[in-house]
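# Understanding the architecture of this molecule
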Amino acid sequence: MRLSTGIWILIVAVALIVGLAGGLFGARRYMEKYIKENPPFNEDQLRTMMMQMGQRPSEKKLRQMMNSMKQQDTSKK
């Protein structure tokens, strides 16, 4: 049984679209999980950044900034 050229092109195009969509959603899920497990900033990094900017970070200020970053992260979802 021979497939005509038009059917063959259609099968390849559908497979390509399904592969791209699956890859997109898979990569998105992976990155969301990775960022949740490994947040981009922690308290030590934030403290170092504030000291480099010439600020003297207090524990209260660090906790406020961490909480505001967490709230922004949860409000996006």
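Here, the structure is the one placed above.
Let me begin by describing the structure that accompanies this report. The shown structure was predicted, so the numbers you read here are calculated from the model rather than taken from an experiment.

Let us now look at the overall build of the protein. Secondary structure summary: the protein contains three helices and zero strands in total. Taken over C-alpha atoms, the radius of gyration comes to 23 Å for the protein, far larger than the 11 Å a tight globule of 77 residues would show. Counting only C-alpha atoms, the protein reaches 75 × 25 × 15 Å along its principal axes. A total of 77 residues make up the protein; the buried ones form 6% of that total. A total accessible area of about 7,200 Å² is found for the protein, and carbon and sulfur atoms account for 62% of it. Taken as two groups, the 13 positive and 6 negative side-chain charges of the protein have centres that lie 6 Å from each other.

Once that is clear, we can look at the pattern of salt bridges. When the charged atoms of two side chains lie near each other, side chains of opposite charge can form a pair. Tallied over the entire structure, the rule returns five salt bridges. Salt-bridge contacts for R28 lead to E32; the nearest nitrogen and oxygen are separated by 3.4 Å. Taken together, the residues span about one helical turn, with R28 and E32 both in helix 1 (residues 5-37) at a distance of four residues. Salt-bridge contacts for D44 lead to R47; the nearest nitrogen and oxygen are separated by 3.2 Å. Residue D44 and its partner R47 are located together in helix 2 (residues 43-52), separated by three residues, close to a single helical turn.

Looking now at a nonpolar patch on the surface. A cluster of nonpolar side chains, contributed by L3, I7, W8, I9, I11 and V12, occupies part of the molecular surface with about 590 Å² of accessible area. Position of L3 relative to the elements: it lies in the segment before helix 1. Owing to a relative accessible area of 45%, L3 belongs among the partly exposed residues under this scheme.

About the criteria used
- Residues numbered from 1 in each chain as written.
- Predicted model: local features only at pLDDT ≥ 70, side-chain atom pairs only at ≥ 80, totals over all residues.
- Heavy atoms only, no water.
- Helix = DSSP H or I, 4+ residues; strand = E, 2+ residues; numbered from the N terminus.
- Rg over C-alpha atoms; globule rule 2.2 N^0.38 Å.
- Buried < 20%, exposed > 50% of the residue type's maximum accessible area, 1.4 Å probe, protein only.
- Areas by Shrake-Rupley, 256 points an atom, 1.4 Å probe, with all protein chains shown as cover.
- Lys, Arg positive; Asp, Glu negative; His and termini not counted.
- Charge placed at Lys NZ, Arg CZ, Asp CG, Glu CD.
- Salt bridge = Lys/Arg side-chain N within 4 Å of Asp/Glu carboxyl O.
- Patch = residues over 30% accessible without salt bridge, like charges linked within 9 Å, V, L, I, M, F, W, Y side chains within 5 Å.

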